[in-house]
Amino acid sequence: SDPFYAGAQNWGYNILSGTEGATYMTHLESKKNGTKMVYVGANDGMLHGFRDTDGLELLAYVPNAVIGNLANLASPSYAHQYYVDGPSVVGDAYLNSAWKSILVGSTGAGAKAVFALDVTNPDSFDASKVMWEFTSAVHSDLGYPVGRPMMAKLNNGRWAAIFGNGYESTGGDAKLFIIYLDADLS
């Protein structure tokens, strides 16, 4: 997939009313002083996160939707397969009374899945930072998501990931998904 640089992007959320707007600049300052990353999905089954200063890999996330196919990589008769080649984005969202930097990515042609990770502190990324994985097992209208997801604050005040359903969905119709970033999809 295309690499995504996550530095100290200012999304302008300081103009929001209330605590969200009042605290955004503090979050932005912590991003300026924190670790900047480059995230990229790969056909080794992982979304990789590399520190921008020296290229050190700080995280590698394997979506559940591709785990069953990883053994194929070691097969002597391996023929190319896609794994995690969909686009990823990192943005800010105000969740549970705190600003977070959230990565929303997809498996692209590798599987019918979109995932969200809390990458606020990439130096301490672990399994607890996996927020959710939305798959065709959850909703059969999800196809192979190859479009770039977006994040936004909705009119109801909640933050969400927004993405198209992709190719080869079960129903074959175009759909738009809006999944709350703080959703419990377990």
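Here, every reference points to the structure presented above.
The notes below deal with the structure included here.

About the criteria used
- Residues numbered from 1 in each chain as written.
- Predicted model: local features only at pLDDT ≥ 70, side-chain atom pairs only at ≥ 80, totals over all residues.
- Heavy atoms only, no water.
- Helix = DSSP H or I, 4+ residues; strand = E, 2+ residues; numbered from the N terminus.
- Rg over C-alpha atoms; globule rule 2.2 N^0.38 Å.
- Buried < 20%, exposed > 50% of the residue type's maximum accessible area, 1.4 Å probe, protein only.
- Contact = heavy atoms within 4.5 Å.
- Phe/Tyr/Trp six-rings, centres within 6.5 Å; stacked < 30°, edge-to-face > 60°.
- Pairing = 2+ DSSP bridges.
- Axes fitted to C-alpha atoms, helices over the stretch in contact; angles between N-to-C directions.
- 1 Å grid on protein atoms, 1.4 Å probe; cavity = no way out; pocket = protein on both sides within 12 Å on 5 of 7 lines; lining within 4 Å.
- Points joined across faces, edges and corners; volume = space filled by probe spheres on them.
- Salt bridge = Lys/Arg side-chain N within 4 Å of Asp/Glu carboxyl O.
- Polar contact = N/O pair within 3.5 Å; in protein donor to acceptor, adjacent residues only side chain to side chain.
- Bend = angle between axes of the 7 residues up to and from the residue.

### Let's talk about the overall build of the chain
When you go through the chain residue by residue, the secondary structure sums to 2 helices and 11 strands. The helix and strand sequence of the chain, counted from the amino end, reads β-α-β-β-β-α-β-β-β-β-β-β-β. The C-alpha radius of gyration computed for the chain amounts to 17 Å, which stays within 12% of the reference 16 Å derived for 186 residues, consistent with globular compactness. Overall size of the chain, expressed as C-alpha extent along the three principal axes, is 55 × 40 × 25 Å. Burial status across the chain gives 41% buried among its 186 residues. For the chain, long-range pairs separated by at least 24 residues make up 49% of all intrachain contacts whose partners lie at least 6 apart in sequence.

### As for the packing of aromatic side chains
Following the criterion strictly, the structure yields 10 aromatic pairs and no others. Aromatic side chains Tyr 13 and Trp 159 sit 5.0 Å apart centroid to centroid with 80° between the ring planes, which places their arrangement in the edge-to-face category. Of the two residues, Tyr 13 is situated in the loop between strand E1 (4-6) and helix H1 (18-33) and Trp 159 in strand E10 (residues 159-164); the sequence distance between them amounts to 146 residues. Here Trp 159 falls in the buried class, since its relative accessible area comes to 2%. Geometrically, the ring pair formed by Trp 99 and Trp 159 is edge-to-face, given 5.6 Å between the ring centres and 75° between the ring planes. Of this pair, Trp 99 sits in strand E6 (residues 98-106) while Trp 159 sits in strand E10, and the two are 60 residues apart along the sequence. Counting every residue linked through ring pairs, the aromatic cluster contains Tyr 13, Tyr 24, Tyr 94, Trp 99 and Trp 159.

### Quick word on the sheet that holds E6
Read from one edge of the open sheet, 4 strands run E5-E6-E7-E8, paired in antiparallel fashion. In this open sheet, the two edge strands, each paired with only one partner strand, are strand E5 (88-95) and strand E8 (130-135). Here the average twist between neighbouring strands, direction ignored, is 20°. Across 8 bridges, E5 lies against E6 in antiparallel orientation. Pairing of Asp 92 across the sheet is with Ser 101, part of E6. Lying over the sheet, H1 contacts E5 and E6, oriented at roughly 70° with respect to E6.

### Observations regarding the layout of surface pockets
Empty space within the largest pocket amounts to approximately 240 Å³. Surrounding the largest pocket, 20 residues form its lining, Lys 31, Thr 35, Ser 101, Val 119 and Thr 120 being those nearest its centre. When residues of the lining of the largest pocket are traced back to their parent elements, those giving at least two are H1, strand E2 (37-41) and E5.

### Regarding the pattern of salt bridges
Under the defined criterion, the tally for this structure stands at 6 salt bridges. In this structure, Asp 92 and Lys 31 form a salt bridge, with 2.7 Å as the shortest nitrogen-oxygen distance. One end of the pair, Asp 92, is in strand E5; the other, Lys 31, is in helix H1, and 61 residues separate them in sequence. With a relative accessible area of 1%, Asp 92 lands in the buried category.

### Some words on the side chain of His 48
Along the chain, the position of His 48 falls in strand E3 (residues 47-51). Separated by 2.3 Å, the side chains of His 48 and Glu 57 make a polar contact. When neighbours within four sequence positions are excluded, His 48 is seen to be in contact with Val 38, Tyr 39, Val 40, Ala 42, Glu 57, Leu 59 and Ala 60.

### Observations concerning H1
The α-helix advances 3.6 residues per turn, and as a result positions three or four apart in sequence lie on the same side. The largest bend along H1 measures about 35° and falls at Tyr 24. Within H1, burial applies to Glu 20, Gly 21, Tyr 24, His 27, Leu 28 and Lys 31. Where H1 is buried, its residues meet E5, E6, strand E9 (150-153) and E10.

Such coordinate-based values are descriptive only and should not be taken to indicate function.
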